Amino acid sequence: MDPRQRPYRSVLYIPGSRERALEKARTLPVDAIIFDLEDAVAADEKENARETLKAALGAGGYGPRVRIVRINGLDTPWGRADAEAVREMDADVVLLPKVNGAADVDALAAITGDLPIWAMMETPRGMLNAAQIAAHPLMAGFVMGTNDLAKELQTRFRPDRLPLVTSLGLCLLAAKAEGLIIVDGVYNAFKDDEGLAAECAQGRDMGFDGKTLIHPAQVPVANAAYAPSEAEIDLARRQIAAFEEVEAQGQGVAVVDGKIVENLHVVTAREILAKADAITALQAG
Ligand SMILES: CC(C)(COP(=O)(O)OP(=O)(O)OC[C@H]1O[C@@H](n2cnc3c(N)ncnc32)[C@H](O)[C@@H]1OP(=O)(O)O)[C@@H](O)C(=O)NCCC(=O)NCCSC(=O)C[C@H](O)C(=O)O
Ligand SMILES: [Mg+2]
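Source: prediction; values computed, not measured.

**Student:** Quick question: what am I supposed to make of the overall build of the protein here?
**Tutor:** When helices and strands are tallied, the protein shows 12 helices and 10 strands. For 285 residues, the compact-globule formula gives about 19 Å, and the C-alpha radius of gyration of the protein, at 20 Å, lands near that figure. Reported as C-alpha extents along the three principal axes, the dimensions of the protein are approximately 70 × 40 × 40 Å. Residues counted as buried form 49% of the 285 residues belonging to the protein.

This is the structure:
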């Protein structure tokens, strides 16, 4: 499947040390999993978590879910051993935290070889260097680390996320320019479905591919928010049909629901249908 069309609606963090959660994730309807060795694992659990995770991935059972391993930073006591261990794990992607520039990505690639790399975008310097990080040949995806970013920027929490909008926008521009996947940051209040739905709607409107999550209860909310709605699918079909009709008559502009439809809108319409088909295929098996 074209990696751009592959759904990344729900990307669930699981602490690499929590065996029960590692087991449960095999049954959850998530599009991707971030197996975490960094912030969700206490310092004295780091080595155990690495072994626990290696065994869980080796045992398999994660089906079509993309397996992403978040290591500790290479400037920490655990980062290098994590990166060496990931090389031996059944992982699809290695996720590097607190990336400040392309040199950080080079340092990881020197250990993990040609394994695709995703970057946690969560430092002010990372924001300013987003374009060079996105352009690294092994870079395949961005994950917004909105907790660390809010900490570094000394912002206050606001439901509209106004203090973070510049950073989110910079990373979106860099990711889209290079054709990367980009997923939004976590919503910490994991029992507040309404707040999560509002933040997912904002992220979807901005152009994110999906949402990172911290609890299984958040999965259905993100899956719904980031899937094309029935209304979007219906409109996409009608736009394609209307455009094909005028095109056959040698014209370049159709009108649907009082709005113009040109070739570029048809490209978007086809992407919506392809995304819907990809989700159906994923759910089927
Ligand atoms: C937040 C939690 C600590 C809550 O855990 P718990 O109290 O166990 O929740 P529940 O009792 O409601 O759990 C119900 C069942 O679900 C399983 N479970 C819980 N969480 C997960 C999960 N993340 N993945 C898979 N399964 C999960 C429990 O095992 C229960 O199962 P069962 O026994 O069958 O009923 C906990 O959810 C948690 O630790 N979440 C992850 C936190 C985390 O990963 N944090 C780090 C990432 S966030 C971050 O760092 C972002 C970024 O870097 C930034 O800067 O923003
Ligand atoms: Mg972080």
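Now that the structure is up, let's keep going.
**Student:** Is there a simple way to think about the site of ligand 1 in this case?
**Tutor:** Among the 21 residues in the neighbourhood of ligand 1, the closest are listed as Tyr13, Arg20, Arg70, Ile214 and His215. Here Tyr13 contributes a backbone N or O atom positioned 2.8 Å from a nitrogen atom of ligand 1. Within the complex, the protein chains bury 70% of what would otherwise be the 1,000 Å² of accessible surface of ligand 1. Sorting the residues of the shell around ligand 1 by element identifies β1 (10-15), α1 (19-24) and α7 (146-153) as the ones contributing at least two each. Residue contributions to the shell around ligand 1 peak at 4 residues, all from β1. Grouping the constituent residues of the shell around ligand 1 by class yields 10 nonpolar, 4 polar and 7 charged.

**Student:** Can you walk me through the coordination of the magnesium ion (ligand 2) in this structure?
**Tutor:** Metal coordination angles have textbook ideals: 109.5 degrees for a tetrahedral set of four donors and 90 or 180 degrees for an octahedral set of six. At the metal site, the magnesium ion (ligand 2) is ligated by Glu122 (OE) and Asp148 (OD), and these contacts range over 2.0 to 2.2 Å. Taken together, the residues span a long stretch of sequence, with Glu122 in the loop between β5 (117-121) and α5 (124-128) and Asp148 in helix α7 at a distance of 26 residues. Both residues of the pair, Glu122 and Asp148, belong to the buried class.

**Student:** What should I look at first to understand the nonpolar core in this one?
**Tutor:** Nonpolar side chains tend toward joint burial in soluble globular proteins. Membership of the largest hydrophobic core comes to 59 residues, with the highest contact counts inside it found for Val69, Met121, Phe142 and Met144. Sort the elements by how many residues they give to this core and helix α8 (residues 165-178) lands first, with 5 residues. Sequence-distant contacts of Val69, that is, excluding residues within four places in its chain, are made with Phe35, Leu37, Leu53, Leu57, Val86, Met89, Ala91, Val93, Val94 and Leu95. In terms of nonpolar packing, the next biggest core, distinct from the first, is built from 15 residues, Tyr8, Ile34, Met120 and Val143 among them.

**Student:** Please explain the domain arrangement of the protein as it appears in this structure.
**Tutor:** The domain architecture assigned to the protein consists of domain 1 (10-225) and domain 2 (230-284). Each of domain 1 and domain 2 has a C-alpha centre, and these two points are 32 Å apart.

**Student:** Help me understand the UniProt feature "domain: HpcH/HpaI aldolase/citrate lyase" (unreviewed entry) in the protein in this model?
**Tutor:** When the UniProt feature table is mapped onto this chain numbering, "domain: HpcH/HpaI aldolase/citrate lyase" (unreviewed entry) sits at residues 9-216. For residues 9-216, the helix share is 42%, the strand share is 19%, and the end-to-end C-alpha distance is 13 Å.

**Student:** Help me understand the pattern of salt bridges in this model?
**Tutor:** Note that side chains of opposite charge can pair when their charged atoms are close. Under the criterion given, the structure shown has 20 salt bridges. When the shortest N-O distance is used, the salt bridge between Glu23 and Arg26 registers 2.9 Å. Given the relative accessible area of 41%, Glu23 is considered partly exposed. With a closest N to O distance of 2.7 Å, Arg158 and Asp160 form a salt bridge. Assessed through its relative accessible area of 38%, Arg158 is described here as partly exposed. It is possible to trace a salt-bridge network through shared partners that takes in Asp36, Glu38, Asp39, Arg70, Lys98 and Asp148.

**Student:** Please explain the confidence of the model for the protein as it appears in this structure.
**Tutor:** Atomic detail in the predicted coordinates should be set aside for any region of low pLDDT. For the protein, mean pLDDT is 97; residues scoring 70 or higher make up 98% of the total. Note on the complex model: pTM 0.97, ipTM 0.98.

**Student:** Explain the state of the cysteines to me, please; I cannot follow it from the model alone.
**Tutor:** Going through the model one piece at a time under the given rule, you end up with 0 disulfides. Cysteine Cys171 remains unbridged, with the sulfur of Cys200 as its closest cysteine sulfur at 18 Å. Overall, Cys200 belongs to the buried group, its relative accessible area being 0%.

Scoring rules and cut-offs
Residues numbered from 1 in each chain as written. Chains lettered and ligands numbered in written order. Predicted model: local features only at pLDDT ≥ 70, side-chain atom pairs only at ≥ 80, totals over all residues. Heavy atoms only, no water. Helix = DSSP H or I, 4+ residues; strand = E, 2+ residues; numbered from the N terminus. Rg over C-alpha atoms; globule rule 2.2 N^0.38 Å. Buried < 20%, exposed > 50% of the residue type's maximum accessible area, 1.4 Å probe, protein only. Near = heavy atom within 4 Å. Polar contact = N/O pair within 3.5 Å; in protein donor to acceptor, adjacent residues only side chain to side chain. Areas by Shrake-Rupley, 256 points an atom, 1.4 Å probe, with all protein chains shown as cover. Nonpolar A, V, L, I, M, F, W, Y, C, P; charged D, E, K, R; others polar. Donors = N, O, S within 2.8 Å, 3.2 Å for Na, K, Ca; no water. Core = buried A, V, L, I, M, F, W, Y, C linked by side-chain atoms within 4.5 Å. Contact = heavy atoms within 4.5 Å. Domains from an automatic or database assignment. UniProt positions renumbered as here; feature names shortened; annotations may be inferred. Salt bridge = Lys/Arg side-chain N within 4 Å of Asp/Glu carboxyl O. pLDDT = per-residue confidence, 0-100. Disulfide = S-S within 2.5 Å.

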